Amino acid sequence: MEKSIFWEYDEKSKIKINQSKLINFLSESGFSKAKMLDGSIIYLREKGNIVSEVYDSDIIDFVSGHLKKMKKEDVLEAFSKGVSTYLSHSKLKLLNTTSLLNDRDNKNFSFFHFKNQSCQVGDGKIHSKAYEELSNKIWDKRIINRDFTPLNRNEVSQFEKFSFNISGRSEDRYLSLRTIIGYLLHRCQDPKNAKAIIFVDEKITFDGEANGGTGKTLLVKAIGMCREMIVMDGKSLKSGSWFKNQRIDHTTDLVFYDDVNKDFNLEGLYSQITTGIVVEKKYKGEVYIKPEDSPKIIISSNYIVKGTGGNTDVRRRCDFEVSNHYSADRTPFDEFGNRFFEDWDADEWNSFYTFMISCVLKYFEHGLIIPEPINLKKNGLINSTSLEFTSFMETGIIETDKWVCKKTVLALFIEQFPFYRNLSPHMFTKWMKIYAKNKELLYEDKSSGGEYTFYLKTVIEDKEGNDEA
């Protein structure tokens, strides 16, 4: 009782707030401060193993509530009159300083925190724990605002069926998708193996109209039901914007670039994927988030997401082609008869979270499985050249391992597609080089006597695994 008294009466029975006792009272009530990476100060409150970020108004409310509970109306009046002095930012700096909490997963375990319990996922099992049993403190933001009871895995959730459908009902691709979901849900970033997860439609139209409606956004929304995710509007994303990352915080798990346009290039995110993120917030200093603490990246697009090509690009991406099982004419609502997340009862939510946790276990078991491409290479070629050029080259009209006249080939192409009559030889050569790279051929050209010729060499892999022309 005495610890909660931070006031005294003078000889005239006038109430005086004792500043040091008030700060001690707040400290003993779990309040503290922490320094952010940009040097700014945030206020915290610990309740057992749960840490919340609070504001000065929350601290004022706490003190006022305490005085009301004690029925000390006279003290509350004195406190209210001088609150801007007693709990000013300069006075709150007297609170104990604690280290900024990092409660990310470790390499072998992942945690899912619910209202009624915390679940430690690893070793092929789900270990349920009460919050007071946790060995480490956690941010309150981590707690999913639902109770959870693990279900028997024989019960198939609606979202599990949905995931199987968008995998083309292929067991191999379904397993790959489950490891992708598990990778994204695991709050542990290995900078050496970090990848952007890219969800793109298996079937893409090249008539300027985007299909969409295949379930990409719904898939990512489900992941966001388990982790803290920032959504970026891919269509309005400006690569040169100073403050494009300003909503990323120390607890952000995922950054989702939703529906990026056909001009988006993954190269702009290479450093963010592997070397950390620079966050600039208006009126605040620049913050660098180390790669091991950086959020993982998700991208969705109705187009092939471009990159630089080669190993540099391959190491930084995992493309998953979403089957066209669903469309504007056939939605999950049509199949399941309810709106995902909005119409589910407690059993369906339990089944959903049981499935999502099982995806983490699949990821621990198999690692991140990169799916075999279906139409990625062809769609990428069309996206970088044109549908007509790709069709022209697929006719086999150009022989490999043989010198061919550029002028003759270009004339044949224009003859077949007259609306390309203004296509320059330079652009046609560029397309030929892209085609060669896409088909894993070596491109060479030369000029002799005013005639320009090119040569597409077949690459043969020797027994030692080296490439030979």
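Check the entry above for the structure.
A short tour of the structure in this document, coming up. The written sequence of each chain sets the order in which its residues are numbered from 1. Per-residue local features are limited, in this predicted model, to residues with pLDDT of at least 70; the limit for side-chain atom pairs, both in listing and counting, is 80 or more; totals at the level of whole chains, interfaces and linings are taken over all residues. Note: side-chain values were computed over all heavy atoms of the structure, leaving out hydrogens and water.

**Digging into the sheet that holds strand β6 (residues 110-114)**
And then number 1: By definition, two strands form a pair when at least two bridges between them are found by DSSP. Helical segments are the DSSP runs of H or I of at least four residues, strand segments are the runs of E of at least two, and each set is numbered from the N terminus. Read from one edge of the open sheet, four strands run β8-β7-β6-β10, paired in mixed fashion. The sheet terminates laterally at β8 (125-129) and β10 (143-144), the two strands that pair on one side only.

**Quick word on the nonpolar core**
Nonpolar side chains in soluble globular proteins tend to be buried together.
And then number 1: Ranked by size, the top nonpolar core spans 67 residues in total, and within it Phe112, Phe159, Phe199, Leu266, Ile299, Phe352 and Met356 carry the most contacts.
And then number 2: Considering each element in turn, this core owes the most residues, ten residues, to helix α12 (residues 346-366).
And then number 3: In this analysis, two residues are considered to be in contact whenever any of their non-hydrogen atoms come within 4.5 Å of each other. Look past the residues within four positions of Met356 in its chain and what remains in contact with it is Phe159, Ile181, Leu185, Ala222, Ile223 and Cys226.
And then number 4: Counting 23 residues, the second-largest nonpolar core is a separate cluster that includes Leu26, Leu76, Val83 and Tyr86. Here, the term nonpolar core denotes a set of buried Ala, Val, Leu, Ile, Met, Phe, Trp, Tyr and Cys residues that are joined through side-chain atoms within 4.5 Å. Classification of residues uses two cut-offs on accessible area relative to the type maximum, computed with a 1.4 Å probe and protein chains only: under 20% is buried, over 50% is exposed, and between them is partly exposed.

**Considering the pattern of salt bridges**
And then number 1: Think of a salt bridge as a Lys or Arg side-chain nitrogen and an Asp or Glu carboxyl oxygen that are within 4 Å of each other. Counted under the stated rule, the structure contains 17 salt bridges.
And then number 2: Two residues, Asp445 and Lys406, come together in a salt bridge whose shortest N-O distance is 3.2 Å. Taken together, the residues span a long stretch of sequence, with Asp445 in strand β19 (residues 441-448) and Lys406 in helix α15 (residues 406-416) at a distance of 39 residues.
And then number 3: In this structure Asp445 comes out as partly exposed when scored by relative accessible area, which is 38%.
And then number 4: Linked through salt bridges whose partners overlap, the residues forming this network are Asp103, Arg104, Arg142, Arg187 and Asp253.

**Section: the packing of aromatic side chains**
And then number 1: Side-chain rings of Phe, Tyr and Trp, where Trp is taken by its six-membered ring, are said to pair if the distance between their centres is within 6.5 Å; with planes under 30 degrees apart they count as stacked, over 60 as edge-to-face, and otherwise as tilted. Scanning all chains against the criterion turns up 43 aromatic pairs.
And then number 2: Across the ring face of Trp349, the terminal group of Arg146 is positioned such that the distance to the ring centre comes to 3.8 Å.
And then number 3: Here, a charge over a ring is recorded when the distance from Lys NZ or Arg CZ to the ring centre is within 6 Å and its angle to the ring normal is within 35 degrees. It is Lys296 that lies over the ring of Tyr183; its NZ or CZ is 3.9 Å from the centre.

**Things to note about the side chain of Thr251**
And then number 1: Take Thr251: it is sitting in the loop between β12 (229-233) and β13 (254-260).
And then number 2: On the basis of relative accessible area, Thr251 is assigned to the buried category, the value being 0%.
And then number 3: Between N or O atoms, a polar contact is any pair within 3.5 Å; within protein, one atom must be a potential hydrogen donor and the other a potential acceptor, and residues adjacent in sequence are included only when both atoms are from side chains. Polar side-chain contacts of Thr251 include one of 2.9 Å to the side chain of Glu228.
And then number 4: What Thr251 contacts, discounting residues up to four positions off in sequence, is Arg104, Trp139, Lys141, Arg142 and Glu228.

**What to know about the environment of Ile382**
And then number 1: Looking at the secondary structure, you find Ile382 in helix α13 (residues 376-384).
And then number 2: For Ile382, a relative accessible area of 6% gives the class buried.
And then number 3: Residues Ile382 and Ile304, 78 residues apart in the sequence, show an inter-C-alpha distance of 9.4 Å.

**Description of helix α3 (residues 73-81)**
And then number 1: Where α3 is concerned, the buried positions are Val75, Leu76, Ala78 and Phe79. Viewed along the axis of α3, the buried residues span an arc of 165°, placing them on a single side of the element. Opposite the buried face of α3, at more than 90 degrees from it, the exposed residues are Glu73 and Lys81.
And then number 2: Elements in contact with the buried residues of α3: β1 (7-9), β2 (15-17), α2 (56-69) and α4 (83-86). Read the arc as the range of directions from the helix axis to the C-beta atoms.

**Focus on the pairing of strand β17 (residues 317-322)**
And then number 1: Across the six residues that make up β17, a large majority, six, are buried.
And then number 2: Both faces of β17 are covered, namely the face carrying Arg317, Asp319 and Glu321 and the face carrying Cys318, Phe320 and Val322.
And then number 3: Where strand β11 (residues 196-201) lies against β17, six bridges are found, and the strand directions are parallel. Considered in β17, the bridge of Ala196 is made with Arg317.

**Brief notes about the sheet that holds β17**
And then number 1: Taking strand neighbours across the sheet as the criterion, the five strands line up as β12-β13-β16-β11-β17 in an open arrangement whose pairing is parallel. Whereas interior strands pair on both sides, the edge strands pair on one side only; in this sheet they are β12 and β17. On average, each strand axis in the sheet is inclined to that of its neighbour by 20°, with strand direction left out of account.
And then number 2: Note: β11 against strand β16 (residues 296-301), five bridges, orientation parallel. Bridge pairing in β16 links Ala196 to Ile297. All axes here are fitted lines through C-alpha atoms, helices being fitted over the stretch that makes contact, and every angle between N-to-C directions spans 0 to 180 degrees.

**Remarks on helix α7 (residues 171-185)**
And then number 1: A helix's residues, less one, multiplied by 1.5 Å, set its expected span. Taking 1.5 Å as the rise per residue, α7 with 15 residues should run 21 Å; its terminal C-alpha atoms sit 21 Å apart, in good agreement.
And then number 2: A large share of α7 lies buried, amounting to twelve of its 15 residues.
And then number 3: When we look at burial in α7, the residues that qualify are Arg173, Tyr174, Ser176, Leu177, Arg178, Thr179, Ile180, Ile181, Gly182, Tyr183, Leu184 and Leu185.

**Observations regarding unusual backbone geometry**
Both trends apply: most residues other than glycine have a negative phi, and most peptide bonds are in trans.
And then number 1: Its identity as a non-glycine residue notwithstanding, Asp123 has a phi of 60°, on the positive side.
And then number 2: Summarising the element assignment, Asp123 is placed in the loop between β7 (118-122) and β8.
And then number 3: The exposure class of Asp123 is exposed, given its relative accessible area of 61%.
And then number 4: Phi is positive for Asp259, close to 60°, though the residue is something other than glycine.
And then number 5: Relative to the assigned elements, Asp259 resides in strand β13.

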